[in-house]
Amino acid sequence: ELKVEQNPLFLSMQEGKNYTIYCNYSTTSDRLYWYRQDPGKSLESLFVLLSNGAVKQEGRLMASLDTKARLSTLHITAAVHDLSATYFCAVDRKYGNKLVFGAGTILRVKS
Amino acid sequence: GAGVSQSPRYKVAKRGQDVALRCDPISGHVSLFWYQQALGQGPEFLTYFQNEAQLDKSGLPSDRFFAERPEGSVSTLKIQRTQQEDSAVYLCASSLARMNYRGGGYGYTFGSGTRLTVV
């Protein structure tokens, strides 16, 4: 059974600091997604990572994928208040495309 | 439409009542998914349609849950005899990709969800 674990589950950051959210998954998969969710809102797609070694960057966020380690990271550079949200990683099983989500990381950026 | 549309946005049901939740996917999207998101949790898969065919319903928690997509576009998730544990946000997502498509880049577009509260 595919399981996805994120850590930390809650992250309180100071503006301007850097931090990393980790996403581990338990069985072979080669597509990993990062989503952002604001309170009461739906999921906004941030990144789709398709292959080992993939790295994507958008603004202050950078995501990477290591399929051998079954690990993805979401790195936040010089955090700003607007990044406060819940971040989910999700993995596609190798065959069949229903997503299995992590529990989410609640990010709060303090001024 | 431009995005995935879900209605109603909020639904309060008395325990034992039947409810129907609607999803309008992006036009032309072959795949449609329903997910259940409990408070403070990640979404959990309920069921999957490819066009009008329900190919995977392994995530439906009980036989009180039923989903359909009769013409391959709009989908309805029905919950019979609602119980308090059914309280959650129900998310619909659609995708251009068919099941098992391994090509790159196709993601999923999620709707805003229906928040169901059973009292």
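So, here is what we can say about the structure in this document. (Residues numbered from 1 in each chain as written. Chains lettered and ligands numbered in written order. Predicted model: local features only at pLDDT ≥ 70, side-chain atom pairs only at ≥ 80, totals over all residues. Heavy atoms only, no water.)

### Observations regarding the sheet that holds strand β1 (residues 4–7) of chain A
Residue and element names in this part refer to chain A. Strand order across the open sheet formed by five strands is β1-β3-β8-β7-β6, with antiparallel pairing between neighbours. The open sheet terminates on both sides in strands that have one partner only, identified here as β1 and β6 (55–58). The average angle at which neighbouring strand axes cross in this sheet is 15°, direction not considered. Judged from the four bridges that link them, β6 and strand β7 (residues 61–66) form a sheet pairing that is antiparallel. Note that in β7 the partner of Glu58 across the bridge is Leu61. (Pairing = 2+ DSSP bridges. Helix = DSSP H or I, 4+ residues; strand = E, 2+ residues; numbered from the N terminus. Axes fitted to C-alpha atoms, helices over the stretch in contact; angles between N-to-C directions.)

### Overview of the environment of Thr105(A)
Residues and elements named next belong to chain A. Looking at the element boundaries, Thr105 is found in strand β11 (residues 105–110). With a relative accessible area of 0%, Thr105 lands in the buried category. As a C-alpha pair, Thr105 and Cys23 span 82 residues in sequence and 9.9 Å in three-dimensional space. Look past the residues within four positions of Thr105 in its chain and what remains in contact with it is Gln6, Pro8, Leu9, Leu11, Ile21, Ala85, Thr86 and Tyr87. For Thr105, the side chain forms a polar contact with the side chain of Gln6, separated by 3.1 Å. (Buried < 20%, exposed > 50% of the residue type's maximum accessible area, 1.4 Å probe, protein only. Contact = heavy atoms within 4.5 Å. Polar contact = N/O pair within 3.5 Å; in protein donor to acceptor, adjacent residues only side chain to side chain.)

### Remarks on the state of the cysteines
Residue and element names in this part refer to chain A. Evaluated as defined, the whole model comprises two disulfides over all chains. In this model Cys23 forms its disulfide with Cys89; the gap between the sulfur atoms is 2.0 Å. Here Cys23 and Cys89 share a disulfide; its torsion about the S-S bond, 80°, makes the bridge right-handed. Of this pair, Cys23 sits in strand β3 (residues 19–25) while Cys89 sits in strand β9 (residues 85–92), and the two are 66 residues apart along the sequence. Residue Cys23 is classed as buried on the basis of its relative accessible area of 0%. Relative accessible area serves as the criterion here: at 0%, Cys89 is assigned to the buried category. (Disulfide = S-S within 2.5 Å.)

### Comments concerning the sheet that holds strand β7 (residues 65–68) of chain B
All names here are of chain B. Sheet architecture is open: four strands sit in the order β1-β3-β8-β7, paired in antiparallel fashion. The outermost strands of the open sheet, each flanked by one partner alone, are β1 (5–7) and β7. Recorded for the sheet is a direction-independent mean angle of 15° between the axes of neighbouring strands. Of the strand pairs in this sheet, β1 and strand β3 (residues 19–24) are connected by three bridges, and their pairing is antiparallel. The residue bridging Ser7 from the neighbouring strand is Arg22, located in β3.

### Some details on the packing of aromatic side chains
Each aromatic ring pair is described using two quantities: the centre-to-centre distance and the angle formed by the ring planes. With the rule as written, the count across this model stands at 13 aromatic pairs over all chains. Measuring from centroid to centroid gives 5.4 Å for Tyr33(A) and Tyr108(B), while their planes differ by 65°, and the two rings are edge-to-face. Of this pair, Tyr33(A) sits in strand β4 (residues 31–37) while Tyr108(B) sits in the loop between β9 (88–95) and β10 (109–110), which puts the two residues in different chains. Of the two residues examined, Tyr33(A) and Tyr108(B), each falls in the buried class. On the basis of relative accessibility, which here comes to 5%, the residue Tyr108(B) falls in the buried class. Of the aromatic side chains, those joined through ring pairs into one cluster are Tyr33(A), Tyr35(A), Phe88(A), Phe101(A), Phe33(B), Tyr35(B), Phe45(B), Tyr48(B), Tyr108(B) and Phe110(B). If you follow Arg9(B) out to its NZ or CZ, it ends over the ring of Tyr10(B), 5.4 Å from the centre. (Phe/Tyr/Trp six-rings, centres within 6.5 Å; stacked < 30°, edge-to-face > 60°. Lys NZ or Arg CZ within 6 Å of the ring centre and 35° of its normal.)

### Re the environment of Gly72(B)
Residue and element names in this part refer to chain B. Note that Gly72 resides in the loop between β7 and β8 (75–79). Linking Gly72 and Ala93, residues 21 residues apart in sequence, is a C-alpha distance of 14 Å. Contact partners of Gly72, with chain neighbours within four places excluded, come to Asn51 and Glu52.

The values are spatial; any link to function lies outside them.
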